[in-house]
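As a plain string of letters, each chain reads:
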Amino acid sequence: MNEKYNFEVLVKLLSELWYKGDSSLDDELDKFEEAISKSGYGESAFGVARANYDRIEVIPDSKVKFYAEYYDGCQAPFTVCIWNKPIKELEELLKEASPTLYKEYIMRLTGSWHK
């Protein structure tokens, strides 16, 4: 399993869903962001990139295990997501917080969303 790839897929998917504004997913996204914060192992702001979710980058960071940011070209980079545990634990947190988003993530990760 490529943890960096999985993290990037998860972050970009949730940022895309946030931007698309499906009101049925608003609460799900909020619950997951809150779960990340309450875990004590990360933080997130999936909506920060808005329409530019495809420009989010996963950057190596010596202080945390996973770090994704968005740079708009003008201001300092914006943090999209920080996670300081193995990706499996973030996936489990997503599954607990929102089975709906977890299903979307697995479909995107496996490529079955194209079918």
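See the structure printed just above.
Analysis parameters
Residues numbered from 1 in each chain as written. Predicted model: local features only at pLDDT ≥ 70, side-chain atom pairs only at ≥ 80, totals over all residues. Heavy atoms only, no water. Patch = residues over 30% accessible without salt bridge, like charges linked within 9 Å, V, L, I, M, F, W, Y side chains within 5 Å. Areas by Shrake-Rupley, 256 points an atom, 1.4 Å probe, with all protein chains shown as cover. Salt bridge = Lys/Arg side-chain N within 4 Å of Asp/Glu carboxyl O. Lys, Arg positive; Asp, Glu negative; His and termini not counted. Charge placed at Lys NZ, Arg CZ, Asp CG, Glu CD. Helix = DSSP H or I, 4+ residues; strand = E, 2+ residues; numbered from the N terminus. Buried < 20%, exposed > 50% of the residue type's maximum accessible area, 1.4 Å probe, protein only. Axes fitted to C-alpha atoms, helices over the stretch in contact; angles between N-to-C directions. Parallel < 35°, antiparallel > 145°, perpendicular 65-115°, else oblique. Left-handed = near helix turned anticlockwise from the far one by under 90°. Contact = heavy atoms within 4.5 Å. Pairing = 2+ DSSP bridges. Core = buried A, V, L, I, M, F, W, Y, C linked by side-chain atoms within 4.5 Å.

A. Quick peek at a negative patch on the surface. Taken together, the side chains of Asp 22, Asp 26, Asp 27, Asp 30 and Glu 104 define an acidic patch exposed on the protein surface. When residues of the negative patch are assigned to their parent elements, the largest contribution, 3 residues, is made by helix α2 (residues 23-39). Residue position: Asp 26 is located in helix α2. In this structure Asp 26 comes out as partly exposed when scored by relative accessible area, which is 36%.

B. A look at the packing of helix α1 (residues 3-20) against α2. Following both chains from N to C, one finds α1 and α2 inclined at 140°, their axes separated by 10 Å at the closest point. With respect to each other, α1 and α2 are oriented oblique. Of the two elements, α1 crosses α2, and the hand of that crossing is left-handed. Note on element contacts: α2 touches α1 through Leu 25, Leu 29 and Phe 32, opposite Leu 10, Leu 14, Leu 17 and Trp 18.

C. Local environment of the sheet that holds strand β3 (residues 66-70). Read from one edge to the other, the open sheet built from 4 strands follows the order β1-β4-β3-β2, with strand pairing classed as antiparallel. Each edge of the open sheet carries a strand with a single partner, namely β1 (42-44) and β2 (57-58). Pairing analysis gives 3 bridges linking β1 to strand β4 (residues 78-83), with the strands arranged antiparallel. Looking across to β4, one finds that Ser 44 is bridged to Cys 81. Its contacts with the sheet put α2 on β1 and β4, and the angle it makes with β1 is roughly 155°.

D. Structural detail: unusual backbone geometry. For Arg 50, which is not a glycine, the phi torsion comes out positive at approximately 50°. Of the residues examined, Arg 50 reaches a relative accessible area of 55% and is grouped as exposed.

E. Fine view of the nonpolar core. Ranked by internal contacts, the top residues of the largest apolar core, which has 31 residues, are Phe 7, Phe 32 and Leu 90. Listed by contribution, the elements that provide at least two residues to this core are α1, α2, β3, β4, α3 (87-97) and α4 (99-110). With 7 residues, α1 is the largest single contributor of residues to this core. Phe 7 has contacts with Val 58, Phe 66, Tyr 67, Ala 68, Cys 81, Trp 83, Ile 87 and Leu 90, leaving out every residue within four places of it along the chain.

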